[in-house]
Amino acid sequence: MGTDTLEADPQTDGLTGEIIYDETVPARHFWVHEVKQGETLRIVDLRGNQAVDLLIYSAADDTERYSAQDTVAAQGNLFLKKGSVLRSNEGRAMMTITGTSVAYHDTIGGACSVESNSLRYGHFTKSQHACVENYLKASLPNGRTKRDIVSNINFFMNVPVMEDGSLGIVDGISAAGLTVDVRAQMDVVVMVSNCPQINNPCNGFNPTPVRMIIAK
Amino acid sequence: MTEPQLADPIAAKEHARAMGSTVVENMPVLPPRADDLPDGVSQDDLIWEETIAPGGYAIRRLNRGARLRLIDLKGDACAGLQIFNAEMPTERLNVADTVKVQWNGYLGQAEGQGKLLLSDMGRVLMSFIADDAGTHDCFCGTSNEEGSSAKYGKGEKAGRYFLNGRDRFLLGVGKHGLSAKDVHPCINLFKGAIVEEDGAITPQIGPFDPGRQVILRAEMDLMLVIANCPHVLDPRDEWTVTPLRATAWRGSCTAHDDPVRNETPEGQRAFLNVEDYYRR
């Protein structure tokens with residue numbers, strides 16, 4: 001089949017360079033993939049308001065990893081937007097948000113866990129799936145452990161902060177087909193938990209798949 | 001140049017020993033002594049008294065129930081904290097859970113602000129039982145070599161070292177037998193960060209009145225690292241930080257009717273998890 005017969009795919013609009021990876025991560029699943037310096041990872045919120053929890057490690061040395069606090073301090077702002085530089089615990093640029101059709105993304109809300117669910121909702125949630133469970137399953141075969149899990153990015157998640165400091169995960173500002181593009185500034189390993197949370201609005205109370213596209 | 005009287009080991013030993021009683025502004029007091037303990041606290045229960053230098057750090061083990069009082073002696077201290085469960089240090093402070101579970105990004109005594117420092121295992125590591133500072137920071141983290149040298153100059157300048165928080169944390173966790181992967185997002189006490197509606201952060205750097213203090217209660221057996229370095233968003237060109245005093249004393253574990261334990265349903269469940277952990 002020639003390329004001229006392919007249907008146009010609006011979800012790849014604006015991606016320059018050859019697409020070298022294109023997969024769907026099912027609802028509630030994890031995903032680990034290397035992204036080389038200069039490559040762009042596009043995440044597509046296929047059905048809308050699906051939180052994508054994401055951590056970044058330097059491929060050369062995973063003691064260097066994404067730091068929400070270094071990222072926030074360097075840009076003087078809590079929200080991740082187009083142009084935000086995602087920094088490591090050494091203050092170095094790991095990836096940059098080169099484009100997004102969502103106004104802003106979260107990096108203060110962290111990942112859900114069985115343990116934090118017990119506080120936020122009650123002990124009845126004990127047998128529910130959670131992002132930290134995904135992170136551990138993704139980490140252990142790669143030689144990483146709980147010590148490698150730190151404050152993460154929550155793409156497509158909305159955590160406003162009010163004047164008195166009140167904050168919380170509220171209704172999303174994302175929608176079906178919206179995207180975020182992150183370009184690697186160094187060779188990195190990206191670890192994602194496609195959030196399985198069903199007790200707050202971060203996934204519209206219904207976890208859904210997301211699409212991961214890497215372009216050279 | 002070697003002084004001639006230190007040419008032999010005996011002279012060197014005497015020279016070294018003559019320093020032993022030196023007292024400086026920033027140092028630990030052994031055994032601990034403090035003449036300003038709160039009413040009802042016995043000198044016999046004092047377990048730690050130390051003034052942490054500008055750019056300095058301290059490590060400490062505190063048992064469940066111990067109280068830790070930190071005093072910003074001159075109004076420009078910034079206490080960066082790393083907190084671990086002493087018997088299982090993979091359990092550590094989780095700043096994201098601390099703000100998310102308490103539904104508030106600020107730590108303090110005001111209505112709705114967080115009084116608990118939560119671990120990544122759904123438990124309370126420490127709680128605020130007194131705080132007359134009210135300017136603390138969960139968002140900005142600490143300084144590192146990259147940013148600090150860009151701001152203040154590399155390494156040593158005019159005989160001064162511009163020490164950064166990450167470096168202090170690495171040394172501190174190292175002396176607990178831990179390593180780089182154990183350094184986690186921190187909180188800063190005494191320097192604050194106000195968040196505007198658009199997410200912009202306004203640091204609250206002071207300098208503040210001298211003598212502001214915080215008292216934290218250890219809710220589990222803990223290992224701490226405390227670094228006293230300039231806040232990462234300190235706008236001043238000069239590397240500026242003043243001594244931080246740490247005092248700790250023994251205390252009883254949190255009672256079931258404790259008001260901090262019972263202030264919120266989320267906090268109450270975090271204490272239930274602590275109590276469950278120690279039920280053995």
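By convention here, each chain's residues receive numbers from 1 onward along its written sequence. Just so you know, chain letters begin at A and ligand numbers begin at 1, following the order they were written in. Note on the predicted model: pLDDT of at least 70 is required for a residue's local features to be given, and 80 or more for side-chain atom pairs to be given and counted; whole-chain, interface and lining totals, by contrast, use all residues.

1. Here's the deal with the overall build of chain A
What counts as a helix is a DSSP run of H or I of at least four residues, what counts as a strand is a run of E of at least two, and both are numbered from the N terminus. Across its full length, chain A carries 3 helices and 10 strands. Listed N to C, the secondary structure of chain A is β-β-β-β-α-β-β-α-α-β-β-β-β in terms of helices and strands. We take the radius of gyration over the C-alpha atoms and set the globule estimate at 2.2 Å times the residue count to the 0.38 power. What you see for chain A is a C-alpha radius of gyration of 17 Å, in line with the 17 Å of a compact globule of 216 residues. Counting only C-alpha atoms and orienting by the principal axes, one finds that chain A spans roughly 55 × 40 × 35 Å. Using C-beta atoms placed from the backbone, we call a residue buried if 20 or more other C-beta atoms fall within 10 Å of its own, exposed if 12 or fewer do, and partly exposed for counts in between. For chain A, buried positions account for 50% of its 216 residues. Think of it this way: build a C-beta for each residue from its backbone, and any pair within 7 Å is a contact. In chain A, once contacts between residues fewer than 6 apart in sequence are set aside, the share between residues at least 24 apart is 75%.

2. A few points about the overall build of chain B
In terms of regular secondary structure, chain B is built from 5 helices and 15 strands. Taking 19 Å as the expected radius of gyration for a compact globule of 280 residues, we find that chain B reaches 20 Å, a close match to that expectation. Along the first, second and third principal axes, the C-alpha set of chain B runs to 70 × 45 × 35 Å. For chain B, buried positions account for 49% of its 280 residues. In chain B, once contacts between residues fewer than 6 apart in sequence are set aside, the share between residues at least 24 apart is 75%.

3. Some words on the interface of chain B and chain A
Across the contact, 38 residues belong to chain B and 34 residues belong to chain A. Of all the elements in the fold, those that place two or more residues in the side of chain B that touches chain A are α2 (95–101), α3 (145–152) and α5 (265–277) of chain B. For the side of chain B that touches chain A, the leading source of residues is α2(B), giving 6 residues. Amino acid classes used here: Ala, Val, Leu, Ile, Met, Phe, Trp, Tyr, Cys and Pro are nonpolar; Asp, Glu, Lys and Arg are charged; the rest, including Gly, are polar. Across the side of chain B that touches chain A, the residue classes tally to 17 nonpolar, 13 polar and 8 charged.

4. Some details on the confidence of the model for chain B
Residue-level confidence of the predictor is what pLDDT reports, using numbers from 0 through 100. Of the residues in chain B, 96% have a pLDDT of 70 or more, and the chain-wide mean is 95. Among the scores for the predicted complex, ipTM is 0.95 and pTM is 0.96.

5. Some words on the sheet that holds strand β10 (residues 187–189) of chain B
Residue and element names in this part refer to chain B. Pairing between two strands is assigned when DSSP locates at least 2 bridges connecting them. Across the sheet, 5 strands lie side by side as β2-β14-β4-β10-β7; this open sheet has antiparallel pairing. In this open sheet, the two strands that pair with only one neighbour each are β2 (57–62) and β7 (136–137). The pairing of strand β4 (residues 79–85) with β10 spans 3 bridges and is classified as antiparallel. Bridge pairing links Gly80 to Asn188 in β10. Lines fitted to the C-alpha atoms define the axes, with helices restricted to the stretch that makes contact. Angles between their N-to-C directions range from 0 to 180 degrees. Sheet strands in contact with helix α4 (residues 165–175) are β2, β4 and β14 (222–228), and its direction is about 150 degrees off that of β14.

6. Side note on the sheet that holds strand β4 (residues 52–58) of chain A
All names here are of chain A. Overall, antiparallel pairing links the 4 strands, which are arranged β2-β9-β4-β7 in an open sheet. The sheet is open, and its two borders are formed by β2 (30–35) and β7 (153–155), each paired with just one other strand. Ignoring strand direction, the axes of neighbouring strands in this sheet form an average angle of 30 degrees. Taken together, the 7 bridges between β4 and strand β9 (residues 188–194) define a ladder with antiparallel strand orientation. Bridged to Asp53 within β9 is Ser193. Strands β2, β4 and β9 of the sheet are contacted by helix α3 (residues 131–139), whose axis makes an angle of about 140 degrees with β9.

7. Quick word on the environment of B:Pro210
Residues and elements named next belong to chain B. Relative to the helices and strands, Pro210 resides in the loop between β12 (201–204) and β13 (212–218). For the pair Pro210 and Leu73, spaced 137 residues apart in sequence, the C-alpha to C-alpha distance is 5.2 Å. Setting aside residues up to four positions removed in sequence, Pro210 forms contacts with Leu73, Lys74 and Gly75.

8. A word on the environment of B:Phe128
Structurally, the position occupied by B:Phe128 is in strand β6 (residues 124–131). Residue classification places B:Phe128 among the buried positions, given that 20 C-beta atoms sit within 10 Å.

9. Observations regarding the nonpolar core
Across soluble globular proteins, you tend to see nonpolar side chains buried next to one another. A:Ile56 and B:Ile226 are the most contacted members of the largest nonpolar core, which has 129 residues in total. Element by element, the count of residues in this core is highest for β14(B), at 6 residues. Once you skip the residues sitting within four places of it in the chain, B:Ile226 turns out to touch B:Ile52, B:Tyr57, B:Ala58, B:Ala79, B:Gly80, B:Leu81 and B:Ala246. Joined through C-beta atoms within 7 Å, a set of buried Ala, Val, Leu, Ile, Met, Phe, Trp, Tyr and Cys residues constitutes a nonpolar core.

10. Observations regarding the pairing of β12(B)
Summarising the sheet, strand β11 (residues 192–195) of chain B and β12(B) pair through 4 bridges and their orientation is antiparallel. When the bridges of β12(B) are listed, B:Ile194 appears paired with B:Thr202.

11. Thoughts on α3(A)
Of the residues making up α3(A), those classed as buried are A:Cys131, A:Val132, A:Asn134, A:Tyr135, A:Ala138 and A:Ser139. The buried residues of α3(A) occupy an angular sector of 155 degrees when projected down its axis, which confines them to one face. By construction, the arc corresponds to the directions joining the helix axis to the C-beta atoms.

12. With respect to α3(B)
Residue and element names in this part refer to chain B. The set of residues buried in α3 consists of Gly147, Ser148 and Tyr152. Looking straight down α3, one finds that the buried residues subtend no more than 100 degrees of arc, so they occupy a single side. Of the residues trailing α3, Gly153 is marked for its positive phi of about 110 degrees.

13. Considering the environment of A:Thr63
Along the chain, A:Thr63 falls in the loop between β4 and α1 (68–75). As for A:Thr63 and A:Lys81, which are separated by 18 residues in sequence, their C-alpha atoms are 26 Å apart. Among residues more than four places away in sequence, those in contact with A:Thr63 are B:Ala180 and B:Lys181.

14. Examining unusual backbone geometry
In this model, B:Leu30 is joined to B:Pro31 through a cis peptide bond whose omega is -15 degrees. Relative to the helices and strands, B:Pro31 is located in the loop between α1 (9–17) and β1 (46–52). Residues B:Gly206 and B:Pro207 are joined by a peptide bond in cis, for which omega reads 5 degrees. Structurally, B:Pro207 can be placed in the loop between β12 and β13. Located in the positive-phi region is A:Phe205, a residue other than glycine, with phi close to 60 degrees.

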